[in-house]
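Overview (structure and organization)
These are the residues of each chain, in order.
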Amino acid sequence: MNFLRGVMKGQPAGPQPSGTETIQKLCDRVASSTLLEDRRDAVRALKALSKKYRLEVASQAMGHLIHILQTDSSDSEIIGYALDTLYNIISNDEEEEQDESEDENGQKQADDLGCQFTGIFIKEQENVTLLLSLLEEFDFHVRWPGVKLLTALLKNQCSQVQAVILVSPMGVSRLMDLLADSREVIRNDGLLLLQHLTKGNAAIQKIVAFENAFERLLDIVTEEGNSDGGIVVEDCLLLLLNLLKNNSSNQNFFKEGSYIQRMKPWFEVGDENSGWSAQKVTNLHLMLQLVRVMVSPVNPPGATSSCQKSMYHCGLLQQLCGILMATGVPADILTETINTVSEVIRGSQVNQDYFASVNAPSNPPRPAIVVLLMSMVNEKQPFVLRCAVLYCFQCFLYKNQKGQGEIVATLLPSTIDANSISAGQLLCGGLFSTDSVSNWCAAVALAHALQDNLTQKEQLLRVQLATSLGNPPVSLLQQCTNILSQGDKIDRRGSKVQTRIGLLMLLCTWINNCPIAVTHFLLNQANIPFLTGQISENLGEDEQLVQGLCALLLGICVYYNDNSLENYTKEKLKQLIQKRIGKENFVEKLGSNCKHELYSRAAQKPQPIFSSPEQMLFDHEFTKLVKELEAVITKAVHKSSEEEKKEEEVKKTLEQHDSIVTQYKELIREQDAQINELKTQVSSMKTQNEQLQASLTQQLSQIQQHKDQYNVLKIKLGKDSQQHDALGEEAQVNGVQSEELSRLQEELEELKKQHGLLQGQLTEKDSLIEKMKSEGAYPVERIAGTSENNAELQEELETLRAQVQFQSAEISQLQAEREELLKKAATLAVSAPGNTDSAAATARITELEKRLSEVTVETEKIKDEGKMWSDSKAALEQQVATANRSVAILQNEKSKLQQEVAESKKEQDDLLMLLADQDQKILTLKEKLKELGEPIEEDDDLDCRDQYDDDEDEEDD
C-alpha cells in the first residue's frame, strides 16, 4: 500500500522510477497480491497510466487484466477498473484527439496500434464471451465500461468480433437488453454498439430484428420527440437503416409488423418558418432515407409494391406531399422529400393517380406537378432540386400510360387553356429556352411521356408551334430538328453539347418503333444530310457523343422504315451510309455511346445524380434503349437488298405457317375443351356410381338389421310356445292344485307381456316401412339389391309363416288340453260339491279360457301382419327390378361416352400428326434462314413445341 501511495503521490526523495518500471511493478502486484484491496489499487493505478503509457500497459498488463475479469468477477469495482484500462489501450478516441495537429502517418500508427491490441484480445474467443457475460451485470461501473470496450473492439476489427458474437450463446440477446436499460447513458451507448454490430452482417441484422428491435427503436424515437428529438433519435434512425438497407427479410418483417404506419408522425412538421434546427434537419434526412429504403427501385418488385400500398393506405404519402407543398421547408429537406415521393409513387398506379390530384395551396390552385416543373425549368433553382424534380416526373410517368396521355394532352390544340399554365407548356418552354440544363431536363421529361407508348408518339406529331408572327406554325418534331441543326448558332448558357444530346435522346425515343414518326422525320429534306454530315465529320472529343447519337437516330430511321417514301427507303438510306460514312465507321460511331463513362454511370441507377451540370448527359431509361437498338441496327445496316427480300419472303411464309399453326392450336384447344368436358362428365358419373354403391351398402346393412330383428322375434315366439306347452302339462298333472293354477296364471301373464312386446316391434317395423315408402328416402335407382338378398328375404317370410302355423297348432293343442282340464274339474265338482278350492279352480280355469281366447286373437293379428310383410316384399321386388333397369341404362350411356372419348382422341392424334408436319416444315425454313445468317425469333416455335409436348403428355395420361 505504501508503494502504491508513492506511485500515486510521488516520492519525497531518491530517483524516480520510469513508467515502464512502475507498470512492471504494478503488474507484479496484480499477479501476486492475495488481498483484493491491493489488486484493486494496482489496477486503478494501471488505469491512470494507461492513457499516457498505452503501449507499455497493453504489452505488460493485458493478460493480468483479463485474468482479473475471470477471477474477481464478484467485485464490481475492480472489474470496472480493469474494463476501463482495457478500453483506454484498445480505443483510438484519445489518440484521435491528440493527433489532430499531427500528420496522417501518426494517426495511422495509432489506428494500427488499436487494431493490434484488439487482435490480441479477441484471439481467444473466450475473452469476448467473458465480456458478453459481464454485460449482464446491472452495476453501472461494470456495464458501462463493458459496453464502451465492446464498441471499441467492433470499431477496430468489426467482422472478426461479429463472427465471435454470432456464435456466442445468447450473445446478441444480451446486447439487445441494453436498449431496455433505464440509465440513458448505457442505453445510448448501447445504440452505438448495435450500430457497429449490425454493419454489413445480414445474419446479425436478422437476429437483432427478431429480438424486437423495431418496436424498441420506434418507441425510443417517439419518446424523444420524433423529428424534434436530439442525437438519440439520430442514433436510432442510423441503426434502423443498418437493419433495413439491402435486407429484404427485415424489410418484409418491418412491413408485416405494421411499423410503416408508425412512421407517419415523423413527418408532421407543420407550416412553420422557424424551428428547423440542424439536428431536426439531420433527423428528417434519415427518416426520409428510411422511407426510400423500403421502396427503393433495387428492391424486389413485389416487396416495393406492397410497401407503396401500405404507405398510401396509412396516409404516409399524403404526409410527404404535404411537406412538398409547405412553406419554410429547407431546400435540402425539400429535395430529399421530392426524391422520396418519387420512389413511393414509381410504378404504383394508385399512388401516381393520387399524386396527380395533389394541388398546391395557391390562388387559383395549381397541380403539384405544374409547380414542380416550374422549379425544374427555372435556372435560378438549385441544381440538385431540379434533378430531384426531374426524377419525380420520371417516376410519375413510369409504367403510367394514363399519366403519359394526360401530359401529352396538355400540348394538343384542343386542350390548351390560354388562362393557365400546363405541364406541356412548361416542357416546351424549357425545351426551347436558352438554358442548356432546362433544355436537357425538358427533353428527357418529354421523352419519358413517350416511353413505350406508341399512341402518344403518334399524338405528339399533331402538336403545332407558332414560331413568330406572320409565319406558319411548325410541328414540334420539326422545331426540335431545327434547334438541333442550329445548335452552334444559338447563344446558350451552359453546354451546347448538353442541349443537342437532350434533343437527340428525345428524337430517338420518339421515332423508335413508330414508323409514322420516322416518315414525318424523313419528310424534312434537311434531316438526313445533317445527320450524315455530323457523323462523317472529324469533331472534337466533346462532339463524339453527338456523333454517336446521330448514328443511333439514323439507324432507327433505317430499321423502322416502312419504305413509304421513295427517296428514303431502307436500301437508299443504307447506300447513303455506305457512300458518305462507310459502314464500319458508322458502326464504330454507333458503339461509341456505350463506351462513355457517363453512360455507364447513368445505366446504374434510375435516379439522375450528377455532381455538376456538365455531367448531365445520359438518362437511365435511354441507356436501356441504346443497348437494345445497337445490335439490331448494326445487323440492319449490313444486310443486302437480296437478303432483305429473302427475309421478307421468309417472314411472309412464317406468318402464313403461323396462321395455320394458330388455327390448329385453336382447333386443338376446342378438342381439349371437349375432352375435358367429357372427362368431367365421366368423373361425375363415377361419383354418382360411388354414391349408388354407398347407398346400396347402406340398404344392405339396414336389411341385415331387419334380419337380426326378425331372428330375435323368432326366438321370442319359440319361447312363448314352450311356455304354453309347459302350462298345459302342469294343468293336466296338477289340475286340482291351487298352487299350480296360480303358477299357470303367472305364466299366462308373462306370455301376454311378451306378445305385447312382439306386437310393438311389429308395429315399429310397419311404421319404418311406411316411412320408407311415403318419404322416398331411398330412390328407386339406389335399391339395386342382388338376387341373393331377395332370396334371403323370401326365406325369412316363409319362416315367419311357418312360425305362425306352428303357433296355431300349439294353440289348438292348448285348447284340447283346456277341454280335458274342464272335464276333470267337472268330475271333481260332482264328487265334492262343497269344496271351495275346486270352485276357485273352476273360476281360474274360466279366466284362463278368456286369456287363451285373447292369445288366439293376437295370433290372428300376427297372421295378418305376415300377410302385410308378403305384400311389402312384392313391392320391394318391383323396386329392385326398376333399379336394375336404371343401372342398365346408365351402363349403356357410359359405353357411348367412352366411345366418343376414343373418337375425340383419334381426331386429336390426326391433328397432332398435321402439326408435326407443319413443325418440320417450319424448322426446315428456319434452318435455311440460319444458313443465310438471319436472326430467328424462337418464341412461336417454342410455343408450338410446348403445345405439342403438352398434348403428348395428355395422351400418355
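Residues numbered from 1 in each chain as written. Predicted model: local features only at pLDDT ≥ 70, side-chain atom pairs only at ≥ 80, totals over all residues. Heavy atoms only, no water.

1. Here we look at a nonpolar patch on the surface
Taken together, the side chains of Leu166, Val167 and Ile207 present a nonpolar region at the surface, about 230 Å² in accessible area. Relative to the helices and strands, Val167 is located in helix 10 (residues 158-167). The exposure class assigned to Val167 is exposed, which follows from its relative accessible area of 60%. (Patch = residues over 30% accessible without salt bridge, like charges linked within 9 Å, V, L, I, M, F, W, Y side chains within 5 Å. Areas by Shrake-Rupley, 256 points an atom, 1.4 Å probe, with all protein chains shown as cover. Salt bridge = Lys/Arg side-chain N within 4 Å of Asp/Glu carboxyl O. Helix = DSSP H or I, 4+ residues; strand = E, 2+ residues; numbered from the N terminus. Buried < 20%, exposed > 50% of the residue type's maximum accessible area, 1.4 Å probe, protein only.)

2. Section: helix 16 (residues 248-256)
Buried residues of helix 16: Asn250, Gln251, Phe254 and Lys255, and no others. Along the long axis of helix 16, the arc covered by the buried residues comes to 135°, so they all point the same way. Those residues of helix 16 that are buried lie in contact with helix 13 (202-210), helix 14 (213-223), helix 15 (231-244), helix 17 (278-294) and helix 18 (301-313). Phi for Ser258, located one or two positions after helix 16, is positive at around 60°. (Arc of directions from axis to C-beta. Contact = heavy atoms within 4.5 Å.)

3. Description of helix 23 (residues 383-397)
Its 15 residues give helix 23 an end-to-end C-alpha distance of 22 Å, which sits within 8% of 21 Å, the value for a rise of 1.5 Å per residue. At the exit of helix 23 stands Lys399, carrying a positive phi of roughly 55°. (Expected span 1.5 Å × (residues − 1).)

4. A few points about the packing of aromatic side chains
Counted under the stated rule, the structure contains eleven aromatic pairs. Geometrically, the ring pair formed by Tyr599 and Phe618 is edge-to-face, given 5.5 Å between the ring centres and 90° between the ring planes. One end of the pair, Tyr599, is in helix 35 (residues 597-602); the other, Phe618, is in the loop between helix 35 and helix 36 (620-638), and 19 residues separate them in sequence. You'll find Tyr599 and Phe618 in the same group, each marked buried. Members of the aromatic cluster, each reached through a chain of ring pairs, are Phe210, Phe214, Phe253, Phe254 and Tyr259. A cation over an aromatic ring shows up here: Lys148 above the ring of Tyr87, its NZ or CZ 5.1 Å from the ring centre. Here Arg346 stacks its cationic end above the ring of Tyr398, 3.8 Å away from the centre of that ring. (Phe/Tyr/Trp six-rings, centres within 6.5 Å; stacked < 30°, edge-to-face > 60°. Lys NZ or Arg CZ within 6 Å of the ring centre and 35° of its normal.)

5. Things to note about unusual backbone geometry
In this structure, Ser258 takes a positive phi of about 60° despite not being glycine. Within the element layout of this structure, Ser258 appears in the loop between helix 16 and helix 17. We classify Ser258 as partly exposed; its relative accessible area is 38%. A positive phi angle, near 60°, is found at Asn513, a position not held by glycine. Structurally, the position occupied by Asn513 is in the loop between helix 29 (496-511) and helix 30 (515-523).

6. Examining the nonpolar core
Residues Leu150, Leu175, Trp266, Phe267, Phe355, Leu476 and Leu552 are the most contacted members of the largest nonpolar core, which totals 208 residues. Ranked by residues supplied to this core, first place goes to helix 23 with twelve residues. Non-local contacts of Leu552, meaning those with residues more than four positions away in its chain, are made with Cys508, Leu590, Phe622, Val626, Leu629 and Ile633. (Core = buried A, V, L, I, M, F, W, Y, C linked by side-chain atoms within 4.5 Å.)

7. Some details on the confidence of the model for the protein chain
When the pLDDT values of the protein chain are averaged, the result is 79; 72% of them are 70 or greater. Predicted confidence is poor over residues 95-103, with pLDDT under 50, and the contacts of this stretch with residues over four places away or in other chains come to eight contacts. (pLDDT = per-residue confidence, 0-100.)

8. Considerations on the pattern of salt bridges
Tallying each qualifying case throughout the model produces 19 salt bridges. The partner of Asp181 in a salt bridge is Arg143, with the nearest N and O atoms 2.7 Å apart. In this pair, Asp181 sits in the loop between helix 11 (171-176) and helix 12 (184-197) while Arg143 sits in helix 9 (residues 140-156), placing the two residues 38 residues apart along the sequence. Assigned by exposure class, Asp181 and Arg143 land together as buried. Arg292 is the salt-bridge partner of Glu343, the closest N and O atoms lying 2.9 Å from each other. Placement of the pair is Glu343 in helix 20 (residues 331-345) and Arg292 in helix 17, with a sequence separation of 51 residues. Across the pair, Arg292 and Glu343 agree in class, each one buried. Connected through salt bridges with shared partners, the residues Arg40, Asp75 and Glu77 form a single ionic network.

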